[in-house]
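Structural overview for review
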Amino acid sequence: GIQVEQSPPDLILQEGANSTLRCNFSDSVNNLQWFHQNPWGQLINLFYIPSGTKQNGRLSATTVATERYSLLYISSSQTTDSGVYFCAVEPKNDYKLSFGAGTTVTVRA
Amino acid sequence: SAVISQKPSRDICQRGTSLTIQCQVDSQVTMMFWYRQQPGQSLTLIATANQGSEATYESGFVIDKFPISRPNLTFSTLTVSNMSPEDSSIYLCSVEVLGGYYGYTFGSGTRLTVV
C-alpha cells in the first residue's frame, strides 16, 4: 500500500514562532488532508489539498502532487496549536485514507 | 461538510464485556469508515460499512471482534466485543463528503479504557 511519512516526529516551539511540517507519500493520490488532533482526541480537518496552496488564518498548506509531498505551515504559533498533526492520503484507485505517523507539536508560552 | 454525532464520547469498561459505539450523520452517505487509534499511535482503518451489505474488514480485524451494523444511509454502529485491556483506544467513525472540497470528516471519537 501507499506509504505516508511525516517529519519531524516532534516539534517544540516557543509561542510566536513559525514552523513547517512535511508529508511525503509514495504514490499518486486523489486526496490529501491535514488534520489536527486536540488533547481530547478530536480530529479537526485543517485542509483538503490534493494539489496547490491554501491558507486559513495562520495556517497554510502546499501540496506538490508531481513530487509527492505536502507542507503545512504554522505562523505565529499559539499554545492552542499544540497537539498532533496528521497527514492522510487517499490513493488513486482506492477510497481509503492512509495516515502518516503524525507530528506532535508543543507550543510553550 | 457533513456533521457526525458519535457517542459515547468515553467509557471505562470491564474486561470480557462489549461496548457499542454509535455514529449518526446529518446527511446520507454511501460509505462509513471505522478507525482505531491505539495510545500514542496513528489511525488504523478497521472496516468500511456499506448500507445493505456486510462490512469490509481490513487485515487484522475480524467481524466476531468488531461487528458493525449499517441499517440506513445515516447511521452505523461498531461493537467492540469481549474486550481486553489491549482494546483501550480511541475509536472514530468517518465519512467522505462527495461532490465538494472537504474530503473526509470524522466524528469526535470514543475514548475507551478497558480495566
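One numbering rule holds for all chains: residues counted from 1, following each sequence as written. Numbering of ligands from 1 and lettering of chains from A proceed in the order in which they are written. For this predicted model, a pLDDT threshold of at least 70 governs which residues receive local features, and a threshold of 80 or more governs which side-chain atom pairs are given and counted, while totals over whole chains, interfaces and linings are taken from all residues. Heavy atoms from the whole structure form the basis of all side-chain values; hydrogens and water molecules are not counted.

1. What about the interface of chain A and chain B?
Our working definition: Here, two residues are considered to be in contact whenever any of their heavy atoms come within 4.5 Å of each other. Buried area, as used here, totals the accessible surface that two parts lose on assembly, with accessibility defined by a 1.4 Å probe and the loss added over both. By definition here, a salt bridge exists when the distance from a side-chain nitrogen of Lys or Arg to a carboxyl oxygen of Asp or Glu is within 4 Å. Polar contacts here mean pairs of N or O atoms no more than 3.5 Å apart (in protein, one a potential hydrogen donor and the other a potential acceptor; neighbouring residues in sequence count only if both atoms are side-chain atoms). Secondary structure counts use DSSP, requiring at least four H or I residues in a row for a helix and at least two E residues in a row for a strand, with both numbered from the N terminus. Here the term charged refers only to Asp, Glu, Lys and Arg, the term nonpolar to Ala, Val, Leu, Ile, Met, Phe, Trp, Tyr, Cys and Pro, and the term polar to all other amino acids, Gly among them.
Chain A puts 19 residues into the contact, and the matching count from chain B is 20 residues. Here chain A meets chain B over a buried area of about 1,600 Å², counting both sides, of which 54% is carbon and sulfur. Per-residue buried area on chain A facing chain B is highest for Tyr48, Tyr95 and Phe99 of chain A; these three make up 32% of the total on that side. In this structure, the connection of chain A to chain B is made through 1 salt bridge. For Lys96 of chain A, the salt bridge identified is with Glu58 of chain B, shortest N-O distance 3.0 Å. Remark: the boundary between chain A and chain B carries 7 residue pairs in polar contact (both at pLDDT 80 or more). For the side of chain A that touches chain B, the elements supplying multiple residues, two or more each, are β4 (29–37), β5 (43–48) and β9 (83–91) of chain A. Tallying contributions element by element places β4 of chain A first for the side of chain A that touches chain B, with 4 residues. Split into classes, the residues belonging to the side of chain A that touches chain B amount to 10 nonpolar, 7 polar and 2 charged.

2. Digging into the state of the cysteines
For clarity, the cut-off: Any two cysteine sulfur atoms lying within 2.5 Å of each other are counted as a disulfide. Only protein chains enter the accessibility calculation, which uses a 1.4 Å probe; a residue is then buried when its area is under 20% of its type maximum, exposed when over 50%, and partly exposed in between.
Applying the stated rule across the entire model yields 2 disulfides over all chains. Cys23 of chain A shares a disulfide with Cys87 of chain A; S-S distance 2.0 Å. On the sign convention where negative means left-handed, the S-S torsion of about -60° between Cys23 of chain A and Cys87 of chain A marks this disulfide as left-handed. Separated by 64 residues along the polypeptide, Cys23 of chain A in strand β3 (residues 19–25) and Cys87 of chain A in strand β9 bring together distant segments of the chain. The disulfide bridge from Cys23 of chain B ends at Cys93 of chain B, spanning 1.8 Å between sulfur atoms. Between Cys23 of chain B and Cys93 of chain B the sulfur-sulfur dihedral comes to about -85°; the bridge is accordingly left-handed. Here Cys23 of chain B, found in strand β3 (residues 19–25), pairs with Cys93 of chain B, found in strand β9 (residues 89–97); they are 70 residues apart in sequence, far enough to count as distant. Overall, Cys93 of chain B belongs to the buried group, its relative accessible area being 0%. Left without a disulfide partner, Cys13 of chain B is nearest to the cysteine sulfur of Cys23 of chain B, which lies 16 Å away.

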